[in-house]
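Here is how the chains run, residue by residue.
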Amino acid sequence: MKRLIFVLFLCFPGSLLAQKFEGLALTPPMGWNSWNTFGTNIDEKLIKEMVEALISSGMQEAGFKYIVLDDAWLAMQRDAEGNLVGDPKKFPSGMKALGDYLHEKGFKFGIYNCAGTKTCAGYPGGRGHEFQDGRTYASWGVDYLKYDWCNHGTANAEETFKTMRDGLHAAGRPIVFSICEWGNNKPWLWAKDVGHLWRTTGDIADCYDCQHVYSMGWKIILESQVGLEKYAGPDHWNDPDMLEVGNPGLSLAESRAHFSLWCVLAAPLMAGNDIRKMSNEIRDILTDKEVIAIDQDPLGKQGYQFMTQPGKEIWVKELSNAEWAVCFFNSGERPFQMKVKWSNLWFLKGTYQIRDLWQKKDLGTTEKDFSGDIAPHDVLLFKLSPIK
Ligand code: GLA
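Presented here is a report on the structure given in the accompanying data block.

1. Focus on the overall build of the protein
Scanning the protein for helices and strands turns up 12 helices and 18 strands. The C-alpha radius of gyration computed for the protein amounts to 22 Å, which stays within 12% of the reference 21 Å derived for 388 residues, consistent with globular compactness. For the protein, the spread of C-alpha atoms along the three principal axes comes to 70 × 55 × 40 Å. Sorting the 388 residues of the protein into buried and exposed places 57% on the buried side. Summarising the internal contacts of the protein: among those between residues at least 6 apart in sequence, 70% fall at separations of at least 24. A gap of 3 Å separates the mean positions of the 42 positive and 49 negative side-chain charges of the protein.

2. Considerations on the site of the ligand
Close contacts around the ligand come from 13 residues, with Asp 70, Asp 71, Lys 146, Asp 148 and Asp 203 the closest. Lys 146 is positioned such that a nitrogen or oxygen atom in its side chain is 2.8 Å from an oxygen atom of the ligand. Here Trp 182 contributes a side-chain N or O atom positioned 3.0 Å from an oxygen atom of the ligand. For the ligand, whose free accessible area comes to 310 Å², the fraction covered by protein is 95%.

3. Observations regarding the packing of aromatic side chains
By the definition in use, this model includes 21 aromatic pairs. Taking the centre distance of 6.3 Å and the plane angle of 85° together, the rings of Trp 218 and Trp 262 count as edge-to-face. Linking Trp 218 in helix 9 (residues 218-224) with Trp 262 in helix 10 (residues 252-264), this pair joins segments that are 44 residues apart in sequence. Across the pair, exposure class does not vary: Trp 218 and Trp 262 are buried alike. With a centroid separation of 5.7 Å and an interplanar angle of 75°, the aromatic rings of Phe 328 and Phe 382 are classed as edge-to-face. Here the residue Phe 328 occupies a position in strand 13 (residues 324-330), and Phe 382 occupies one in strand 18 (residues 379-386), the gap between them amounting to 54 residues. The exposure classification of Phe 328 matches that of Phe 382, with both residues buried. By the ring-pair criterion, three or more aromatic residues cluster together here, those being Tyr 147, Trp 149, Phe 161, Phe 177 and Trp 190. In this structure, Lys 48 packs its charged tip against the face of Tyr 101, placed 4.8 Å from the ring centre.

4. Some thoughts on the packing of helix 7 (residues 130-140) against helix 8 (residues 157-171)
For the pair helix 7 and helix 8, the least separation of the axes is 8 Å and the interaxial angle reads 45°. By the angle between their directions, the pair helix 7 and helix 8 is classed as oblique. Like other packed secondary-structure pairs, helix 7 and helix 8 cross with a definite hand, here right-handed. Where helix 7 abuts helix 8, its residues Glu 130, Phe 131, Gly 134, Arg 135, Tyr 137 and Ala 138 lie against Thr 163, Met 164, Asp 166, Gly 167, Leu 168, Ala 170 and Ala 171. Grouping the amino acids of the contact of helix 7 with helix 8 by side-chain chemistry returns 7 nonpolar, 3 polar and 3 charged.

5. Some remarks on helix 10
Taking 1.5 Å per residue, 13 residues should reach 18 Å; helix 10 reaches 18 Å between its end C-alpha atoms and fits that length. For helix 10, the buried fraction is high: 12 of the 13 residues fall into the buried class. Within helix 10, burial applies to Ala 253, Glu 254, Ser 255, Arg 256, Ala 257, His 258, Phe 259, Ser 260, Leu 261, Trp 262, Cys 263 and Val 264.

6. Overview of the sheet that holds strand 4 (residues 144-148)
One open sheet holds the 8 strands; their spatial order is 9-6-5-4-3-2-1-10, and the pairing between them is parallel. Both outer strands of the open sheet, strand 9 (237-239) and strand 10 (269-271), are each paired with one neighbouring strand and no more. Each adjacent strand pair in this sheet contributes to an overall mean axis angle of 25°, direction not counted. Bridging between strand 2 (residues 66-69) and strand 3 (residues 108-114) involves 4 bridges; their strand directions are parallel. Bridging across to strand 3, Ile 67 finds its partner in Phe 109. Relative to strand 3, helix 7 is tilted by about 160°, and along the sheet it contacts strand 3 and strand 4.

7. Focus: the nonpolar core
The biggest cluster of nonpolar side chains holds 90 residues, and the ones touching the most others in it are Trp 73, Tyr 137, Phe 161, Trp 218, Phe 259 and Trp 262. Sequence-distant contacts of Trp 262, defined by excluding residues within four places in its chain, comprise Ile 204, Trp 218, Ile 221, Leu 222, Pro 240, Asp 241, Met 242, Leu 243, Ala 267, Pro 268, Leu 269 and Asp 295. Counting 20 residues, the second-largest nonpolar core is a separate cluster that includes Met 307, Val 316, Trp 324 and Phe 370.

8. Points about unusual backbone geometry
In terms of backbone geometry, most residues other than glycine have negative phi values and most peptide bonds are trans. Positive phi is not limited to glycine here, since Asp 235 has a value of about 80°. Tracing the sequence through the fold places Asp 235 in the loop between helix 9 and strand 9. Even without a glycine there, the phi angle at His 377 is positive, about 65°. Positionally, His 377 belongs in the loop between strand 17 (370-374) and strand 18. Relative accessible area serves as the criterion here: at 9%, His 377 is assigned to the buried category.

9. Structural notes on the side chain of Glu 44
For Glu 44, the location among the structural elements is in helix 4 (residues 44-56). Not counting residues within four places of it along the chain, the set of residues in contact with Glu 44 comprises Lys 90, Phe 91, Pro 92, Ser 93 and Gly 94.

10. A short note on the state of the cysteines
Applying the stated rule across the entire model yields 2 disulfides. Between the sulfur atoms of Cys 207 and its disulfide mate Cys 210 the distance is 1.8 Å. The chirality of the disulfide connecting Cys 207 with Cys 210 is left-handed, given an S-S dihedral of about -65°. For Cys 207, a relative accessible area of 10% translates into the label buried. With no disulfide partner, Cys 263 has as its closest neighbouring cysteine sulfur the one in Cys 327, 9.5 Å distant.

Rules behind the numbers
- Residues numbered from 1 in each chain as written.
- Predicted model: local features only at pLDDT ≥ 70, side-chain atom pairs only at ≥ 80, totals over all residues.
- Heavy atoms only, no water.
- Helix = DSSP H or I, 4+ residues; strand = E, 2+ residues; numbered from the N terminus.
- Rg over C-alpha atoms; globule rule 2.2 N^0.38 Å.
- Buried < 20%, exposed > 50% of the residue type's maximum accessible area, 1.4 Å probe, protein only.
- Contact = heavy atoms within 4.5 Å.
- Lys, Arg positive; Asp, Glu negative; His and termini not counted.
- Charge placed at Lys NZ, Arg CZ, Asp CG, Glu CD.
- Near = heavy atom within 4 Å.
- Polar contact = N/O pair within 3.5 Å; in protein donor to acceptor, adjacent residues only side chain to side chain.
- Areas by Shrake-Rupley, 256 points an atom, 1.4 Å probe, with all protein chains shown as cover.
- Phe/Tyr/Trp six-rings, centres within 6.5 Å; stacked < 30°, edge-to-face > 60°.
- Lys NZ or Arg CZ within 6 Å of the ring centre and 35° of its normal.
- Axes fitted to C-alpha atoms, helices over the stretch in contact; angles between N-to-C directions.
- Parallel < 35°, antiparallel > 145°, perpendicular 65-115°, else oblique.
- Left-handed = near helix turned anticlockwise from the far one by under 90°.
- Nonpolar A, V, L, I, M, F, W, Y, C, P; charged D, E, K, R; others polar.
- Expected span 1.5 Å × (residues − 1).
- Pairing = 2+ DSSP bridges.
- Core = buried A, V, L, I, M, F, W, Y, C linked by side-chain atoms within 4.5 Å.
- Disulfide = S-S within 2.5 Å.

Here's what the structure looks like:
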């Protein structure tokens with residue numbers, strides 16, 4: 001029997017070791033991804049400028065560490081041996097050199113490909129090359145792979161993503177595996193042992209609540225996350241898609257609310273704006289350490305919708321040390337005054353200190369009712385810490 005296992009191991013190392021690398025995403029991954037602003041217009045120069053801007057703006061220090069090249073970094077053909085190659089015009093120094101550069105700057109190297117025959121933008125996909133591609137990524141020093149679902153034909157999602165997981169594992173380099181099949185096959189039911197995060201929706205769009213065929217505003221995505229909280233935890237996160245914070249389709253309030261609610265959702269925080277050009281107000285949102293700490297809380301519990309009424313929502317997230325984050329969201333079109341009797345938040349036990357995370361103010365304790373104004377599409381985000 002032992003001999004049989006040994007022989008099997010020699011022949012099929014990937015399948016016998018079928019597992020993901022554990023412990024790579026104990027808190028939701030944070031970084032910057034090229035897609036939301038730049039689409040297919042990416043190159044080495046842009047990435048290097050973004051790196052400098054992430055450093056000088058304080059984003060790196062705030063925890064944004066994965067630089068993810070999304071679609072269109074590839075040459076249109078694999079090489080004669082079937083290996084993926086970076087587009088030599090866009091990335092003249094090559095992908096290994098880019099990985100080395102990112103590591104020298106203290107970042108991690110993220111890259112995109114697709115489980116189908118071609119990526120969504122028509123570049124070579126990974127289908128049938130999973131083990132070979134795993135070795136290529138490892139040789140370039142890749143730390144994070146976003147793996148998409150276009151052009152998959154009749155392939156089974158679970159099996160296909162498992163094959164890429166095994167390809168990464170067999171290559172031996174710990175790589176975060178980010179599954180991007182848009183929630184079509186309910187990955188929250190099967191992907192815990194396959195990837196470290198999985199998309200739960202179609203694409204986010206740069207707007208509050210617009211709805212296109214395949215993409216939609218963050219408010220629409222938020223509502224579709226209700227009920228998914230029980231599937232997330234350390235090393236296996238729901239991914240409601242990347243951030244549009246700072247992009248032109250959102251007001252400042254909408255950017256603040258989007259960021260707050262993504263933190264309450266324990267969502268991966270992948271900035272998608274042009275860091276070189278962001279305003280000071282947007283920088284202050286994206287680098288707010290107290291707010292990011294809600295997302296990155298080590299307990300790793302995704303928050304949930306506690307209450308919803310037309311135009312008003314309350315989202316809450318349990319934190320370590322018996323603390324809670326509470327987010328009051330004005331989802332309507334008119335300002336309103338939020339009145340809170342804290343005892344109605346039945347999950348609270350005893351008395352808490354209240355900290356307004358955006359105003360940076362301590363507001364007293366939950367013994368006193370609270371009332372405060374919230375502008376349309378804006379939030380109040382509080383952290384509650386138990387007294388005693
Ligand atoms: C899909 C994904 C997006 C992005 C594009 C790239 O739409 O969901 O996040 O990666 O492909 O083509």
